[in-house]
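# Structural description and commentary
Spelled out, the chains give:
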Protein chains: 2
Amino acid sequence: MALDRKRQVVLESLRRFLRRSAHGHLVNLMAKTRPQDYAPIHEEMNDRERSLLFRVLGDRDPELGADFLSHLPHGVAAALLPRLPIVTAARLLDECDGDDAARLLSDVDDEHSREILAAMHPEDKAVVEQLLIYEDETAGRIMTPSVFALREETTLGEAVAAVQSRGEDVEMAFYLYVIDERDHLVGVLSLRELLTHPPHLRLKDVMNVDLITARADTDQEEVAQLAAKYDLLAVPVTDERGRLVGMVTIDDVVDVLREEATEDIYLVAGTSADERIQPSIWKSARIRSPWLLAAYVGGMLAMLVIRRFDTELETLVGLAALLPVVLGVGGSAGNQSAIVIIRGLATGRVEQGGYLRNFLREMGVATLLGLLYGGLVAVGTYVYGVLSGPTGLVAPSTAAALGRYALPAAAGLIGLALTFSMLVSTTIGALIPLALHRVNIDPAVSTTPFVTTVTDVAGSAIFFLLATLILTT
Amino acid sequence: MALDRKRQVVLESLRRFLRRSAHGHLVNLMAKTRPQDYAPIHEEMNDRERSLLFRVLGDRDPELGADFLSHLPHGVAAALLPRLPIVTAARLLDECDGDDAARLLSDVDDEHSREILAAMHPEDKAVVEQLLIYEDETAGRIMTPSVFALREETTLGEAVAAVQSRGEDVEMAFYLYVIDERDHLVGVLSLRELLTHPPHLRLKDVMNVDLITARADTDQEEVAQLAAKYDLLAVPVTDERGRLVGMVTIDDVVDVLREEATEDIYLVAGTSADERIQPSIWKSARIRSPWLLAAYVGGMLAMLVIRRFDTELETLVGLAALLPVVLGVGGSAGNQSAIVIIRGLATGRVEQGGYLRNFLREMGVATLLGLLYGGLVAVGTYVYGVLSGPTGLVAPSTAAALGRYALPAAAGLIGLALTFSMLVSTTIGALIPLALHRVNIDPAVSTTPFVTTVTDVAGSAIFFLLATLILTT
């Protein structure tokens, strides 16, 4: 789809100004554009135009350039930075918030990252290096290190004055954190509470001491869940000694929640969240390929299982054509259970209810659904058998041997096979995420392809074992 | 899993106080508990204990009770309200924020809802009724109607005084909205900007006029995406005439984003978001059952397709055992495409890139994956054929007729069938969500079961048609 008209106009003007080297006009136009609205325009430009534009911004108004740079989607900014002169890249990153600069740099290859870092302003460089110590996807990595913190002896009047003089520098200051003489976080006060109490009181008299905090090495998803659960605008982050080192603000929380939801959805579908950065077709195929391996291996193993029952296959004739129903319905039910458990673990609902209780609940649901669909498929098979004659389902010799029991036996076999397949696949689907979560592995990883594989193999085996049992007696 | 020790202690104390009618202690204990931590305790209590507790809170400290009520999960609070005396329920809702009260009431059955509403304080009742006019899942329904708004002629000094005197009443006031004499929203100012400008200036001199707003009838997901995109703490909501009627705050935005993500994940898995309220096993089975119908219908139709090729089935023998691979791998690839498109539509990424471009991209990925897995399955089949002899794959007569071409032909047939199945299933998987989105239906709905159904039927048909073409020449 083309850009909407407004963005098209901006794009054309940007191109005209770039061609004519009308750098003043260029900066003015960018200043009037919202960074969030620029991403689709960026996509339409070619690499030369992009790097030229950011070189002009870096020279003329690095603060504006930094704003645009930090609002580009994951991966897009990382592709741009190595194309800029080192000095320009460093100047732009100097003007980014510390957490944004760290995020951008961690996406760039090591060599460029080192060079850019070396060219940054010592103070900004120190902040970024400090953040890069923390591992990816932790509170430390996404926190902003500039926190508004005052000592507990400060009066409210002094605090208001401090906000007025320093407020502009601090990213999203809604809370005033209170620290003791050893920089330990001891309390918190909202900006509003600061204004609605008498100015002669001291912070320690009015601060809230019941704190929700995160450690710098806490997983970013946990921090986001904390903020979401307790309706916080920022979660203060402390180091291992309890000293305040930063805060994770609500805008980052929102990003993390969206990112993690996307990750879960992609994993559930059998692909990776790396897809969200719109890689090339080749790369997409490479990302998705391993997940299909599960279906491939499952299918090939199922083939070996089926071929083990060569003689049964011959007696079954048409009944074997129902194997796809058994595997399909069973696998779908297993995946439903897997995903209800996975999402329940992500939102904390499963832990609240208890592992065993949730597992038994899923088995109960599977039993009901297994009986329902086992019954449906049995009835369908029976009706088909009545219409086409039992030899449409089993070999003439088997039909003759079983007489009038041939049709009910065939229908019952299919029904039972489906019910058992569903129970096996639900057991796998519910147990795997619970087990992965116990050992601290993201349960969304590869549960559903595994369920498919196991269902294919176990379902085929169940089908033919039951066939041997039922049709040869 | 049992409650953690701390919550267990709280639960036991609550029960002791309830037994002894120690209502003072009860209220004190609740006041020391975070509403967000209470939900698992509530779950452990029986209905009698729950209603007794909230009756005590309603009598002794309705504001505290309202806080706990509005933090209970979806459905749980709705189950509690009808068990309370009407007056108590009304008193608790009077103390809730307007949007919370509206949400709670809309979950209660109509009769109780009317009775409770009638018993509410006229002022609070009017607010709730006003909100209930808006449809479920719109900005109007989730907004808080108490907004901090001042006229544009007000000076900053007067505005600070107004915040100090009225700030406590307004939920999460980060922004000061500026209105003209007809209540139209004309500007916005952050609380911080209010403090960092000279007090003699007027609001209209310093306010930002480039506003991001939502209409009351805007879908809640759109509002949440707006707030997330532009890093806003609140989105002002206007009526059809542009008058400021409320604002959607970031805590509600976070809730909406999580809720919509859960909804998408459940839909993708083939179940409904109603599962998140932990319904009974019966209800869960009822919710999931329709989705399995797709796999059932697909499988039964595939059976009919397979049976149409009776003679081919006999010539194929072992090759038919590979049908599960063809259907499994093809269906998985179709679902990957469907979900990448669905999530891309939810986050706005697809619209940015264009419908056609995204569709072609998916087809490109499917072609690569189809060739890869078509090749893999052909090689697997060939190896199996070499090990077991060609009669392990096709009937002796066919093997004899084709001679040394029998094995390559069988392997090629399987490979081609898989590649074509994947292309069909990806076409369906990518097209359906795009088409649904065009006609304004949530694309997450029932795409994946449909993909499974189509793959089962089309895959079987392709398999046998190719078999007829290749093995009979």
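Residues numbered from 1 in each chain as written. Chains lettered and ligands numbered in written order. Predicted model: local features only at pLDDT ≥ 70, side-chain atom pairs only at ≥ 80, totals over all residues. Heavy atoms only, no water.

### With respect to the sheet that holds strand 5 (residues 234-238) of chain A
- Spatial ordering of the open sheet is given by 4-5-6 (chain A), a layout of three strands whose pairing is mixed. Looking at the sheet topology across the chains shown, the edges are occupied by strand 4 (214-215) and strand 6 (244-249) of chain A. (Pairing = 2+ DSSP bridges. Helix = DSSP H or I, 4+ residues; strand = E, 2+ residues; numbered from the N terminus.)

### Quick word on a negative patch on the surface
Residue and element names in this part refer to chain A.
- On the surface, a cluster of negative charge is made up of Glu63, Asp67, Glu95 and Asp97.
- Mapped onto the secondary structure, Asp97 falls in the loop between helix 7 (86-95) and helix 8 (98-107).
- Looking at Asp97, the relative accessible area reads 34%, which means it is partly exposed. (Patch = residues over 30% accessible without salt bridge, like charges linked within 9 Å, V, L, I, M, F, W, Y side chains within 5 Å. Areas by Shrake-Rupley, 256 points an atom, 1.4 Å probe, with all protein chains shown as cover. Salt bridge = Lys/Arg side-chain N within 4 Å of Asp/Glu carboxyl O. Lys, Arg positive; Asp, Glu negative; His and termini not counted. Charge placed at Lys NZ, Arg CZ, Asp CG, Glu CD. Buried < 20%, exposed > 50% of the residue type's maximum accessible area, 1.4 Å probe, protein only.)

### Observations regarding the relation of the copies chain A and chain B
- Rotating chain A by 180° and moving it 0.1 Å along the rotation axis overlays it on chain B with an RMSD of 0.2 Å. Look at the turn and shift together and you get a two-fold axis relating the two.
- The share of interface residues of chain A whose copies in chain B are also at the interface is 100%, consistent with both copies meeting through the same surface. (Least-squares fit on C-alpha atoms with pLDDT ≥ 70 in both. Contact = heavy atoms within 4.5 Å.)

### Some words on the pattern of salt bridges
- Summed over the entire model, instances satisfying the criterion amount to 32 salt bridges over all chains.
- For Glu44(A), the salt bridge identified is with Arg357(B), shortest N-O distance 3.9 Å. Taken together, the residues span two chains, with Glu44(A) in helix 3 (residues 35-44) and Arg357(B) in helix 21 (residues 355-388).
- With a relative accessible area of 30%, Glu44(A) lands in the partly exposed category.
- For Asp180(B), the salt bridge identified is with Arg182(B), shortest N-O distance 3.9 Å.

### Comments concerning the sheet that holds strand 2 (residues 175-179) of chain B
Residues and elements named next belong to chain B.
- The strand order 1-2-3 describes an open sheet built from three strands, whose pairing is mixed. Unpaired on one side and paired on the other, strand 1 (149-151) and strand 3 (185-190) mark the two borders of the sheet. Each strand of the sheet is rotated relative to its neighbour by a mean of 30°, with strand direction disregarded.
- Direction of pairing for strand 1 relative to strand 2: parallel, over a ladder of three bridges. For Leu150, the partnering residue across the bridge sits in strand 2 and is Val178. (Axes fitted to C-alpha atoms, helices over the stretch in contact; angles between N-to-C directions.)

### Overview of the interface of chain A and chain B
- Contact residues are listed per partner, giving 108 residues for chain A and 109 residues for chain B.
- With both sides pooled, the region where chain A packs onto chain B buries about 10200 Å², and carbon together with sulfur makes up 62% of that total.
- Counting every contact that joins chain A to chain B gives six salt bridges.
- The interface formed by chain A and chain B holds 19 residue pairs in polar contact (both at pLDDT 80 or more) in total.
- Here the side of chain A that touches chain B gets 18 residues from one element, more than from any other, and that element is helix 17 (residues 281-308) of chain A.
- Grouping the constituent residues of the side of chain A that touches chain B by class yields 57 nonpolar, 28 polar and 23 charged. (Buried area = accessible area lost by both parts, 1.4 Å probe. Polar contact = N/O pair within 3.5 Å; in protein donor to acceptor, adjacent residues only side chain to side chain. Nonpolar A, V, L, I, M, F, W, Y, C, P; charged D, E, K, R; others polar.)

### Examining unusual backbone geometry
Residues and elements named next belong to chain A.
- A positive phi angle is found at Asp183, which is not glycine, with a value near 70°.
- Looking at the element boundaries, Asp183 is found in the loop between strand 2 (175-179) and strand 3 (185-190).
- Classification of Asp183 by relative accessible area gives partly exposed; the value is 35%.

### With respect to the packing of helix 3 (residues 35-44) of chain B against helix 4 (residues 47-60) of chain B
All names here are of chain B.
- Put simply, helix 3 and helix 4 touch, their axes get as near as 8 Å, and they point 130° apart. The orientation of helix 3 relative to helix 4 falls into the category oblique. Residues Tyr38, His42 and Glu43 of helix 3 lie in contact with helix 4, whose contacting residues are Arg50, Leu53 and Phe54.
- Residue classes in the contact of helix 3 with helix 4 are distributed as three nonpolar, one polar and two charged. (Parallel < 35°, antiparallel > 145°, perpendicular 65-115°, else oblique.)

### Notes on the packing of helix 21 (residues 355-388) of chain A against helix 23 (residues 406-438) of chain A
All names here are of chain A.
- At their nearest, the axes of helix 21 and helix 23 sit 7 Å apart, and the two run at 155° to each other. Comparing the axis directions of helix 21 and helix 23 gives the class roughly antiparallel. Remark: the crossing between helix 21 and helix 23 carries right-handed chirality.
- When its residues are assigned to classes, the contact of helix 21 with helix 23 shows 21 nonpolar, 10 polar and two charged. (Left-handed = near helix turned anticlockwise from the far one by under 90°.)

### A few points about the packing of aromatic side chains
- The full count for this structure, using the stated rule, is 10 aromatic pairs over all chains.
- Their ring planes at 55° and their centres at 6.3 Å tell us that Tyr175(B) and Tyr177(B) sit as a pair that is tilted.
- Exposure remark for Tyr175(B): the relative accessible area of 16% places this residue in the buried category.
- Residue classification places Tyr177(B) among the buried positions, given a relative accessible area of 2%.
- Through pairs of rings, three or more aromatic residues link up here, namely Tyr38(A), Phe54(A) and Phe68(A).
- Positioned above the aromatic ring of Phe17(B) is the side chain of Arg16(B), whose terminal nitrogen or guanidinium carbon lies 5.6 Å from the ring centre.
- Residue placement shows Arg438(B) over the ring face of Tyr355(B); its charged tip is 4.4 Å from the ring centre. (Phe/Tyr/Trp six-rings, centres within 6.5 Å; stacked < 30°, edge-to-face > 60°. Lys NZ or Arg CZ within 6 Å of the ring centre and 35° of its normal.)

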